[in-house]
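Residue strings, one per chain:
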Amino acid sequence: MAMVVDYKHDSSFPYWTSIRRRFAPDSPFFSSGNIERELLAKQVALDLTEDERNQLEKMIDNDARGIFCPIVGCDARLTLLEDFEDHYNARHTASCSVCSRVYPTSRLLSIHVSEAHDSFFQAKVARGYAMYECLVEGCDLKFKNYKGRQQHLVDKHKFPTSFEFFKKAHPSKKQRMKNQRKRAVNKKDEEASSKMEVENEMMEGLVSAVSKLSTSDSSPSTVSFGRRNARGLTFVPRSVQPPLQKK
Amino acid sequence: MADDSPASHRRDPIKSSVGNVAAQRRRQNAVTVGKERRESLVRAKRLCRVGPSGDGDVPGEENDMVTDEEGFLLDAQTSSAVEDLKSAIAYQGKGAMQKRVNALRELRRLLSKSEFPPVEAALKAGAIPLLVQCLSFGSPDEQLLEAAWCLTNIAAGKPEETKALLPALPLLISHLGEKSSLPVAEQCAWALGNVAGEGEELRNVLLSQGALPPLARMMLPNKGSTVRTAAWALSNLIKGPDPKAATELIKVDVLLDAILRHLRKSDEELATEVAWVVVYLSALSNFATGVLVKSDAILLLVERLATSNSLQLLIPVLRSLGNLVAGDSHTTSTVLIPGHEITDGVIKVLVKCLKSDHRVLKKEASWVLSNIAAGSIEHKRLIYSSEAVPLLLRLLSTAPFDIRKEVAYVLGNLCVTPTGGDGKPNLIEEHLVSLVQRGCLSGFIDLVRSADIEAARVGLQFMELVLRGMPNGDGPKLVEQEDGIDAMERYQFHENEDLRNMANGLVDKYFGENYGIDE
């Protein structure tokens with residue numbers, strides 16, 4: 001039996017380990033069995049109808065499994081675990097009409113649109129205005145550059161250092177092939193743009209650089225603020241890329 | 001002991017209400033009663049409506065949902081019954097004993113009538129001290145029985161009502177002794193079972209007052225309702241969370257024998273209550289678990305699982321087995337050795353449970369399998385090649401959430417080697433590839449999409465195995481096909497940092513810039 005000995009010393013991912021799991025008798029894990037015990041014991045004595053029994057089970061299930069939506073900033077309470085998917089699709093899939101990226105709140109969507117598709121925004125940035133809003137609702141701080149905001153998120157709001165609002169996407173296969181061909185042709189340009197970081201000093205070069213890049217199909221492999229799928233949530237690009245402008 | 005006809009204590013049904021107010025109150029009452037009903041059904045306390053010798057009100061014949069007006073009447077009758085009892089006790093003359101018994105019986109009937117006996121009224125009228133007096137040593141059996149029965153139903157109510165029995169406890173415990181008549185002992189055990197079922201505090205009181213040894217002794221006979229009631233009361237008494245009582249119980253001489261005997265031979269009803277005792281013994285006390293594992297218990301539990309179809313019995317038996325597997329590594333390493341008959345037997349009955357219609361059985365059987373799958377490579381091979389896997393794969397895509405989570409643990413455990421001393425689990429490629437080819441990946445990705453933190457974690461961990469371990473670098477492609485990237489991306493704005501990092505880490509590592517370049 002082949003075994004893949006491929007354990008990387010990367011301690012940050014909690015790999016699957018097979019261990020025994022034990023539960024205390026009053027653990028919620030056992031509660032449905034406990035309830036069943038009492039219902040069955042009293043059923044005969046009290047002539048519970050099938051209907052009543054089902055209702056009871058549902059009520060008990062609901063109480064036990066009601067949870068709050070885990071998306072940051074959402075305070076919706078879900079009575080059933082099953083409701084999460086519907087709730088998510090209804091409330092956390094705001095999509096960008098320009099690039100089809102999806103965001104969990106309309107606020108984040110609008111921040112994305114400004115930062116990624118609005119030349120006016122970039123112009124103001126270039127002139128030194130603090131345009132990059134903090135992503136946390138209610139914080140209201142603004143920053144002159146992406147990195148500044150990023151640092152603020154990490155320092156003040158305990159975001160993980162790996163968090164990036166602008167993230168490289170994983171485009172569809174068709175798109176990847178297109179990009180591959182483009183890469184071969186525009187290798188030099190691509191390299192230049194992919195290495196660009198949005199720093200204070202680069203502000204000046206930013207606007208002009210943007211206009212130089214070929215954007216007939218806006219190279220999404222290097223700049224993407226969310227997936228092209230209608231579903232799903234945006235990821236943040238790995239490295240900071242200048243937003244592209246469609247010509 | 002002629003039974004008074006219930007009719008004499010029952011009013012004719014109330015005619016239509018007088019206006020909205022009354023109707024509204026009845027509706028409100030129904031809602032509260034509905035909630036109360038639900039809670040009382042689920043509580044670990046049990047009302048006694050039919051006595052040991054079969055007398056008493058037959059449940060279901062009465063209108064259990066008491067209207068406001070009927071409720072007031074019942075309360076009034078109860079108060080007056082308590083008054084009657086008071087004067088009967090005070091009375092010293094001829095026929096005093098019969099007077100007392102009659103008064104007690106009257107009160108008992110009122111307390112057994114509906115699902116919600118007029119306990120509050122009885123307590124307010126001062127029933128407890130009177131009932132305690134009726135329990136005094138040397139009292140006639142009938143008196144003891146009726147008094148204990150009243151106390152049983154008072155204790156079946158709300159927490160403060162159960163606590164009201166405190167003054168009666170020492171006497172109830174004494175009447176468990178072997179000198180007592182069986183019906184009396186049984187009724188006292190029932191009352192004590194309700195008290196124990198209330199909570200840890202009362203359990204500790206009972207234990208310190210020495211309730212355990214006499215109850216344990218009541219389990220020794222071969223059969224009878226007394227044995228069953230005692231077992232039930234014991235299960236409430238030892239349920240912890242302090243393991244002391246469980247450990248004390250297993251140490252009682254010949255008790256283990258009695259438990260095994262009942263598991264082996266007794267009728268399903270009795271075996272059910274005894275099995276619950278085993279559930280608590282195995283869940284709480286490592287000492288008891290060790291003792292049980294070394295005995296025939298596992299074999300007997302497997303037998304019951306194989307031959308019974310009573311859900312009542314199967315639940316505690318399965319759970320006992322699960323606790324013994326979970327609680328002691330010796331179970332899988334020294335008893336359930338792959339290749340031995342007993343091990344095949346265990347897998348077989350677990351498969352039977354997976355096939356059942358009952359949620360609890362499917363969920364807990366999966367849990368047991370996951371723990372066996374956490375054993376040696378041979379254990380994993382055994383389960384992998386058994387009938388369980390096709391069933392588990394189907395459950396992973398169709399069963400309710402809580403079952404799917406447990407199934408996920410089984411399948412994942414089959415794909416990694418045992419956790420060695422250096423903590424480095426390796427993949428079992430053969431199992432992983434086969435399970436993924438049979439379509440399990442989408443089930444795991446569904447778990448990643450759920451709002452349950454633990455399930456999402458499990459899903460992400462399995463995805464990591466797939467991404468890392470599928471040969472020819474097929475992992476990322478497969479994950480993408482099942483919308484796995486999408487599922488992981490949701491965590492970007494998830495409040496759980498752990499999950500965010502896990503998901504981010506995977507996306508970065510396997511779906512980074514160079515993803516798909518080499519195609």
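About the thresholds
Residues numbered from 1 in each chain as written. Chains lettered and ligands numbered in written order. Predicted model: local features only at pLDDT ≥ 70, side-chain atom pairs only at ≥ 80, totals over all residues. Heavy atoms only, no water. Helix = DSSP H or I, 4+ residues; strand = E, 2+ residues; numbered from the N terminus. Buried < 20%, exposed > 50% of the residue type's maximum accessible area, 1.4 Å probe, protein only. Contact = heavy atoms within 4.5 Å. Areas by Shrake-Rupley, 256 points an atom, 1.4 Å probe, with all protein chains shown as cover. Disulfide = S-S within 2.5 Å. Domains from an automatic or database assignment. Buried area = accessible area lost by both parts, 1.4 Å probe. Salt bridge = Lys/Arg side-chain N within 4 Å of Asp/Glu carboxyl O. Polar contact = N/O pair within 3.5 Å; in protein donor to acceptor, adjacent residues only side chain to side chain.

Below, the discussion takes up the overall build of chain B. Helix and strand content of chain B: 30 helices and one strand. Expressed as a percentage of the 519 residues in chain B, the buried residues total 60%. Nonlocal contacts in chain B, meaning residues at least 24 apart in sequence, comprise 73% of its contacts between residues at least 6 apart. Summed over its atoms, the accessible surface of chain B is roughly 20200 Å², and 51% of this surface lies on carbon and sulfur atoms.

Attention now goes to the state of the cysteines. Going through the model one piece at a time under the given rule, you end up with zero disulfides over all chains. Not engaged in a disulfide, the cysteine C99 of chain A finds its nearest cysteine sulfur in C96 of chain A; these two sulfurs lie 3.6 Å apart. A disulfide-free cysteine, C150 of chain B has its sulfur positioned 8.4 Å from the sulfur of C134 of chain B, the nearest such atom. Given a relative accessible area of 1%, C150 of chain B falls into the buried group.

Now for the domain arrangement of chain B. Residue and element names in this part refer to chain B. Per the domain assignment, the segments making up chain B are domain 1 (37-46 + 72-200) and domain 2 (210-325). On a C-alpha basis, the centroid separation for the pair domain 1 and domain 2 is 28 Å. Contact with domain 1, which involves 16 residues of that partner, is made by 17 residues of domain 2. With both chains or domains summed, domain 1 and domain 2 bury close to 1300 Å², and 65% of this area falls on carbon and sulfur atoms. Between domain 1 and domain 2 we count two salt bridges in total. Among the ionic pairs, R46 bridges to E273, the shortest N-O distance being 3.6 Å. Where domain 1 packs against domain 2, one counts five residue pairs in polar contact (both at pLDDT 80 or more).

Glancing now at the environment of L321 of chain B. Residue and element names in this part refer to chain B. Relative to the assigned elements, L321 resides in helix 18 (residues 311-327). By relative accessible area, which is 0% here, L321 ends up buried. Note: C-alpha distance between L321 and V278 (43 residues apart in sequence) is 9.2 Å. Discounting residues that sit within four places of it in the chain, L321 has contacts with I298, L301, L305 and V346.

Attention now goes to unusual backbone geometry. Residues and elements named next belong to chain B. Between G240 and the following residue, P241, the backbone shows a cis peptide bond with an omega angle of 10°. Residue placement: P241 occurs in the loop between helix 12 (225-237) and helix 13 (244-251). In this model, V254 sits at a positive phi of 55°, which is unusual for a non-glycine residue. Tracing the backbone through its elements, the reader meets V254 in the loop between helix 13 and helix 14 (255-265). Phi is positive for D483, which is not a glycine, with a value near 60°. Relative to the helices and strands, D483 is located in the loop between helix 28 (475-481) and helix 29 (484-489). The partly exposed category is assigned to D483, whose relative accessible area is 29%.

Here we take up the environment of L499 of chain B. Residues and elements named next belong to chain B. If you trace the backbone, L499 turns up in helix 30 (residues 497-510). We classify L499 as buried; its relative accessible area is 1%. Here the alpha-carbon distance between L499 and L382, two residues 117 residues apart in the chain, equals 33 Å. Those residues in contact with L499, other than ones at most four positions away along the chain, are I453, A456, R457, L460, Y491 and H494.

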